[in-house]
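Chains, contacts and geometry: an overview
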Amino acid sequence: DSEENIDMVETSFVRLLDDMTFDVLDSFQLDEFETGCSIICCSFQDDSDSNQEGGNSGVNAGTSGAGSSSSSSSTRMGLGADQRSGADSNKNKPEKEFIVVGTAYAIEGEQEPHKGRILVFQVTDKEVGADDDAAEHAAGGKDNSAGGLGKPGGEQFNKLRLELVAEKQTRGAVYCLNAFNGKLLAGINSKVKLFSFVDAGPDQSELVAKCSHNEHILVLYIQSRGDFIVVGDLMKSVSLLVFRALDDSIEEIARDYNANWMTSVGILDDDTYIGAETNMNLFTVQKNSEAQTEEARHMLRVAGEYHLGEYINKFQHGSLVMQDSQQESKRDETGLVESTLENSDAVSESLQAILSSAPKPQMLFGTVNGVIGVIASLTEGQYKLLKRLEQALSEVIQGVGDLSHAAWRSFSNERKVSQCRGFVDGDLIEGFLDLEQSDAQRVVDRVNGKVAMKDEEDIAAILQVNSGAPPSDSLQLNLDVDTLTRFVEDLSRLH
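Quick look at the structure, then. Treat the numbers as computed from the prediction; the structure is a model and nothing was measured. (Residues numbered from 1 in each chain as written. Predicted model: local features only at pLDDT ≥ 70, side-chain atom pairs only at ≥ 80, totals over all residues. Heavy atoms only, no water.)

**Digging into the pattern of salt bridges**
Scanning the entire structure with this criterion turns up 20 salt bridges. The residue lysine 287 makes a salt bridge to aspartate 271 at a minimum N-O spacing of 3.5 Å. Taken together, the residues span a long stretch of sequence, with lysine 287 in the loop between β19 (281-286) and α2 (294-297) and aspartate 271 in the loop between β17 (262-267) and β18 (272-277) at a distance of 16 residues. For arginine 415, the salt bridge goes to glutamate 414, with nearest N and O atoms at 3.9 Å. Classification of arginine 415 by relative accessible area gives partly exposed; the value is 47%. Accessibility expressed as a relative area gives 64% for glutamate 414, which makes it exposed. Linked through salt bridges whose partners overlap, the residues forming this network are Asp31, Glu34, Arg117 and Glu167. (Salt bridge = Lys/Arg side-chain N within 4 Å of Asp/Glu carboxyl O. Helix = DSSP H or I, 4+ residues; strand = E, 2+ residues; numbered from the N terminus. Buried < 20%, exposed > 50% of the residue type's maximum accessible area, 1.4 Å probe, protein only.)

Take a look at the structure:
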C-alpha cells in the first residue's frame with residue numbers, strides 16, 4: 001500500500017557528453033518541475049566592451065523537448081561558431097564559448113508556463129582526485145549516471161565539468177534561443193527578448209535585458225541574419241523584425257498575414273525565408289520592398305508553396321556532400337549537350353547554360369520521422385526546365401492507386417488548397433533514372449515539345465531566347481535521353 005501512494009517525480013538534467021563515446025562527463029540537475037526547452041552553443045561580446053566592434057555568434061546546437069520523463073540536453077563545444085574579428089585590444093583574448101539552456105517550469109494546472117530560466121554554462125577542465133569525485137557523487141551533488149568516476153588510489157586527473165556562470169529568471173517558458181551579434185535572443189512565451197552578457201567570472205556574470213518585442217501568440221522559433229530576425233509563431237506564421245542598435249529597440253517591418261501554425265523557420269537569403277507548418281507543408285515568403293504603399297511593404301509575399309508530407313522540426317544551412325569547384329569547372333568544359341542540340345545558336349547557348357550550371361544546396365531539414373532532406377537553389381531556367389520535366393514524368397509514371405502527383409504536392413490546410421509553386425519535387429525528378437528506355441524516351445519527347453502536355457512551361461520562357469530565335473510555337477529543345485540522364489544524375493549528387 002505504501003508503494004502505491006508514492007508519487008513519481010520527473011527530474012530533468014543538462015548533461016555533458018563525450019563527443020566520441022557519448023559517456024556522461026557531467027550533469028546539472030534542474031529544479032523540480034523544470035524541464036529543458038532549448039539549447040545553443042555560442043560566444044558573447046562582453047557588454048563592458050559594447051562600444052567596441054566585434055562579437056561572436058554561434059549556431060543552434062539542438063533542442064530538448066519539454067514534457068519528457070527525463071530531459072537530457074548535451075552539446076559539443078565548437079559547433080560552427082561564427083568567427084568575427086574584434087577590436088585590436090581583443091584580438092589576443094581567448095574566445096570563450098558557452099552553453100546556454102532555456103527552461104520552463106511545467107506546473108500542473110497552468111495552461112502555459114509562467115516561469116522559466118536561462119542558464120549559461122561554461123565547460124571547464126578541472127583537476128580532481130578520484131576520492132573527491134566519488135565523494136561528490138555519493139553526496140548527491142551530481143547525477144550518479146555520470147561516467148568516469150576517476151582512477152583508483154586517489155590519483156589526480158583532469159575532467160570536463162559544467163560550470164554555471166550565470167542564470168536569468170524569466171516570466172515564461174524559453175522556447176527558443178538564438179546567438180545574435182554577440183548577444184542572445186530568446187523567445188519567451190509571447191515575447192522576443194534580447195539579452196547582453198556581462199562576463200565577470202562565476203557567480204558574478206549576468207544576462208542583462210536590452211529590449212523586447214511583443215505582438216506574438218507564442219514565439220517558438222527564431223532565426224537571425226545580420227540585424228534581421230525571423231520569428232516563427234505558434235499561429236501567426238512568419239514575421240520579420242529588425243534590431244535598431246542606435247536606440248536598442250526591436251521593431252516589426254513585415255509579416256505573413258496567413259494563419260500558419262509553424263513547426264520551423266529558416267533564412268534562405270536576405271530577402272527570402274522558408275517555413276514549415278503543422279499540415280506538413282513548406283512555403284517561402286519574400287520581402288516586398290518595391291511595393292508602392294507602406295501597407296504592401298509590410299506584407300511578406302508568398303513566393304512558393306509545397307506539400308512535403310513530413311513534419312519538419314529543424315532547418316539548418318549546410319550540405320550533405322563536399323562542394324568540389326574543380327568538378328563544376330569540368331562540367332562546364334564537357335560540352336554536355338553540344339552534340340545533341342540542333343536548334344539555332346541562341347537556343348543551343350541558352351540550353352547549354354541551363355544544363356551546365358550546378359544547383360547549390362542551401363538548406364538541410366530534419367523531420368520527426370528521421371528524414372533528412374536537401375533544399376537547393378535553382379536558376380530561373382533550371383526551375384522552368386525541371387517543372388517541364390516534372391509534368392512529363394507525372395504523365396508517364398502512373399502513381400499508386402492512380403493518384404495525382406499535382407494533387408499530392410498541392411499546399412493544403414484547413415483553410416485552403418493551392419497548387420504547388422516555387423518548388424520542384426526532387427524525388428519525382430530522380431525517378432527518371434529508374435525508367436525503362438522506352439518510357440524515358442516518352443518523357444524526353446514531352447520535354448522537347450514533340451508531344452503536347454497540359455500546364456506545361458513554355459519553351460521560349462525556359463530558354464529566354466532573343467528575337468533572332470525561331471518562333472515560339474516551333475521551338476524544340478531536342479534533348480536526348482543520355483543528356484537528360486546526365487543532368488538528373490548531377491542533381492542527384494546534391495545528396
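There's more to say after this.
**Some details on the pairing of strand β15 (residues 238-244)**
Burial of β15 is extensive: six of the seven residues sit out of reach of the surface. As judged from the five bridges shared by strand β14 (residues 228-233) and β15, these two strands associate in the antiparallel manner. Across the sheet, the residue bridging to phenylalanine 228 is valine 242, located in β15. Of the strand pairs in this sheet, β15 and strand β16 (residues 249-255) are connected by six bridges, and their pairing is antiparallel. The partner of leucine 240 across the bridge, within β16, is alanine 254. (Pairing = 2+ DSSP bridges.)

**Side note on the sheet that holds strand β11 (residues 191-198)**
Ordered by their spatial adjacency, four strands build an open sheet running β9-β10-β11-β12, and the pairing between neighbours is antiparallel. Of all strands in the sheet, those bounded by a partner on one side alone are β9 (174-180) and β12 (206-213). Put simply, the sheet's adjacent strands are angled 25° from each other on average, direction ignored. Pairing analysis gives six bridges linking β9 to strand β10 (residues 183-188), with the strands arranged antiparallel. Within the sheet, the bridge partner assigned to valine 174 lies in β10 and is isoleucine 188. (Axes fitted to C-alpha atoms, helices over the stretch in contact; angles between N-to-C directions.)

**Considering the packing of aromatic side chains**
Tallied over the full model, the rule gives six aromatic pairs. Measuring from ring centre to ring centre gives 5.8 Å for phenylalanine 180 and phenylalanine 243, while their planes differ by 85°; the resulting arrangement is edge-to-face. Placement of the pair is phenylalanine 180 in strand β9 and phenylalanine 243 in strand β15, with a sequence separation of 63 residues. In this structure phenylalanine 180 comes out as buried when scored by relative accessible area, which is 1%. Its guanidinium or amino end placed over the ring of tyrosine 105, lysine 115 lies 4.4 Å from that ring's centre, counting from NZ or CZ. Geometry around phenylalanine 411 places lysine 416 over its ring, the cationic atom sitting 5.1 Å from the centre. (Phe/Tyr/Trp six-rings, centres within 6.5 Å; stacked < 30°, edge-to-face > 60°. Lys NZ or Arg CZ within 6 Å of the ring centre and 35° of its normal.)

**Looking at the sheet that holds strand β20 (residues 301-307)**
Reading across from one edge, β17-β18-β19-β20 is the order of the four strands in this open sheet, with antiparallel pairing throughout. Each end of this open sheet is capped by a strand with a single partner; those strands are β17 and β20. With strand direction ignored, the average angle separating the axes of adjacent strands in the sheet is 20°. Two elements, β19 and β20, share six bridges in a ladder whose sense is antiparallel. In the sheet register, phenylalanine 283 faces β20, and the bridge partner there is glutamate 305.

**Points about the packing of helix α5 (residues 380-396) against helix α10 (residues 481-492)**
When two helices pack together, their arrangement is given by the angle between the helix axes and by the axis-to-axis distance. The contact between α5 and α10 brings their axes to 13 Å, and the two run at 110°. The orientation of α5 with respect to α10, classified from their angle, is roughly perpendicular. Here α5 contributes Leu385, Leu386 and Leu389 to the contact with α10, which in turn contributes Leu484, Phe487, Val488 and Leu491. Residues that form the contact of α5 with α10 fall into these classes: seven nonpolar, no polar and no charged. (Parallel < 35°, antiparallel > 145°, perpendicular 65-115°, else oblique. Contact = heavy atoms within 4.5 Å. Nonpolar A, V, L, I, M, F, W, Y, C, P; charged D, E, K, R; others polar.)

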